[in-house]
Amino acid sequence: MVVSSNELIFFLGAGASKPFGIPTMKELTELVKSNLRGNDLQKYNSIYNKFRKNGKIDIDIEGMLSIIQFLSEGKNENINDIINFFLTDSDRSRHNQSLYNRPELDSLRLNVMNLIRHYCTRASNLEYVFEVYKNFFDTITQGLAGGTYDSNLALRYNDDWTIFTTNYDMIIESLWREYLNNMIFFGFEGTRFQPDYFLYTSNSKLFSTKDLLHHKIRLVKLHGSVTWLIKKNTGEVIEKEF
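Everything numeric here is computed off the predicted structure, so don't read it as measured data.

Draft legend 1. A look at the overall build of the chain. When you go through the chain residue by residue, the secondary structure sums to nine helices and ten strands. Within the chain, buried positions represent 40% of all 242 residues. For the chain, the proportion of contacts with a sequence separation of at least 24, taken over those separated by at least 6, is 71%.

Draft legend 2. The packing of helix 1 (residues 25-34) against helix 6 (residues 102-120), seen in detail. Packing of helix 1 against helix 6 brings their axes to within 10 Å, and their N-to-C directions diverge by 125°. Regarding the angle of helix 1 to helix 6, the classification is oblique. Pair helix 1 / helix 6 crosses with right-handed handedness. Every residue of helix 6 that contacts helix 1 at Leu 28, Leu 31 and Val 32 is listed here: Val 112, Leu 115, Ile 116, Tyr 119 and Cys 120. Here the contact of helix 1 with helix 6 is composed, by residue class, of eight nonpolar, no polar and no charged.

Draft legend 3. Representation of the layout of surface pockets. Of the voids in this model, the second largest pocket is the one considered here, and its volume is about 200 Å³. The wall of the second largest pocket is formed by Met 25, Lys 26, Thr 29, Glu 30, Lys 33, Tyr 44, Tyr 48, Asp 58, Ile 59 and Asp 60. Broken down by secondary-structure element, the contributors of at least two residues to the lining of the second largest pocket are helix 1 and helix 2 (38-51). Here the element with the most residues in the lining of the second largest pocket is helix 1; it accounts for five residues. Class assignment of the residues belonging to the lining of the second largest pocket gives a composition of four nonpolar, one polar and five charged.

Draft legend 4. Molecular detail of helix 8 (residues 171-179). All of the buried residues along helix 8 are Ile 171, Ile 172, Glu 173, Ser 174, Leu 175 and Trp 176. Along its buried surface, helix 8 packs onto strand 1 (9-12), helix 7 (126-142), strand 3 (184-185) and strand 8 (217-221). At the C-terminal side of helix 8, Asn 181 shows a positive phi close to 55°.

Draft legend 5. A look at the pattern of salt bridges. One pass over the full model with this rule turns up eight salt bridges. Two residues, Lys 43 and Glu 104, come together in a salt bridge whose shortest N-O distance is 3.4 Å. Taken together, the residues Lys 43 in helix 2 and Glu 104 in helix 6 connect sequence positions 61 residues apart. Its relative accessible area of 15% is what places Lys 43 among the buried residues.

Draft legend 6. Structural detail: the nonpolar core. Ile 47, Ile 61, Val 112, Ile 116, Tyr 133, Trp 161 and Trp 176 are the most contacted members of the largest nonpolar core, which totals 51 residues. A total of seven residues in this core trace back to one element, the largest contributor, which is helix 3 (residues 61-73). Among all residues touching Val 112, those that are not within four sequence positions of it are Val 32, Leu 36, Ile 61 and Leu 65.

Definitions and cut-offs
Residues numbered from 1 in each chain as written. Predicted model: local features only at pLDDT ≥ 70, side-chain atom pairs only at ≥ 80, totals over all residues. Heavy atoms only, no water. Helix = DSSP H or I, 4+ residues; strand = E, 2+ residues; numbered from the N terminus. Buried < 20%, exposed > 50% of the residue type's maximum accessible area, 1.4 Å probe, protein only. Contact = heavy atoms within 4.5 Å. Axes fitted to C-alpha atoms, helices over the stretch in contact; angles between N-to-C directions. Parallel < 35°, antiparallel > 145°, perpendicular 65-115°, else oblique. Left-handed = near helix turned anticlockwise from the far one by under 90°. Nonpolar A, V, L, I, M, F, W, Y, C, P; charged D, E, K, R; others polar. 1 Å grid on protein atoms, 1.4 Å probe; cavity = no way out; pocket = protein on both sides within 12 Å on 5 of 7 lines; lining within 4 Å. Points joined across faces, edges and corners; volume = space filled by probe spheres on them. Salt bridge = Lys/Arg side-chain N within 4 Å of Asp/Glu carboxyl O. Core = buried A, V, L, I, M, F, W, Y, C linked by side-chain atoms within 4.5 Å.

Following this line, the structure appears as structure tokens:
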């Protein structure tokens, strides 16, 4: 069976960025905890120990941030899901959100997020990233039917491709911006976050960003990005370098 180039999608997990110095989720969780100090570390350990279900399930840094946000804001739409999953039966009936000091939780959340951004922003050696992905995409495109590839480009790719990733880091964006003149769409049109542009319908016809955004490969960051921030006053998502 011959696979057409435009039928291909990619899914990149934490292991895809680890060779470039970006930690896996388990490593990131350990790094964040080991760099907390004083009251932040005490509060982190207290929350972790209370919400660890029956002492058997470890909570990664994503889970910890969800819990800290819930305790701080008290209006997360997934409150019941968080309580039911993380609290033991005996804790669930006597759970009291008010036992946690909001300013302390806000401080802890900010410090945890800054540590995540510190460890996950950029690769230490972008030239090495380029070499790895150049070899990868060259190999992929040689074995596929169809597609058009510009020999003048640093990397061979098909603009029909979509890359899904659970990673927060900037590996893929940095690679495309440095070597391919920003020919990638990752949710922003200018400074505005426009995720609906990944899929667009008109008169029941489905269009892709290829039709809308002048032949750009698509990068879908399923868990967000270290450079995405939410404006408190408007709820707008913006991109801001760390």
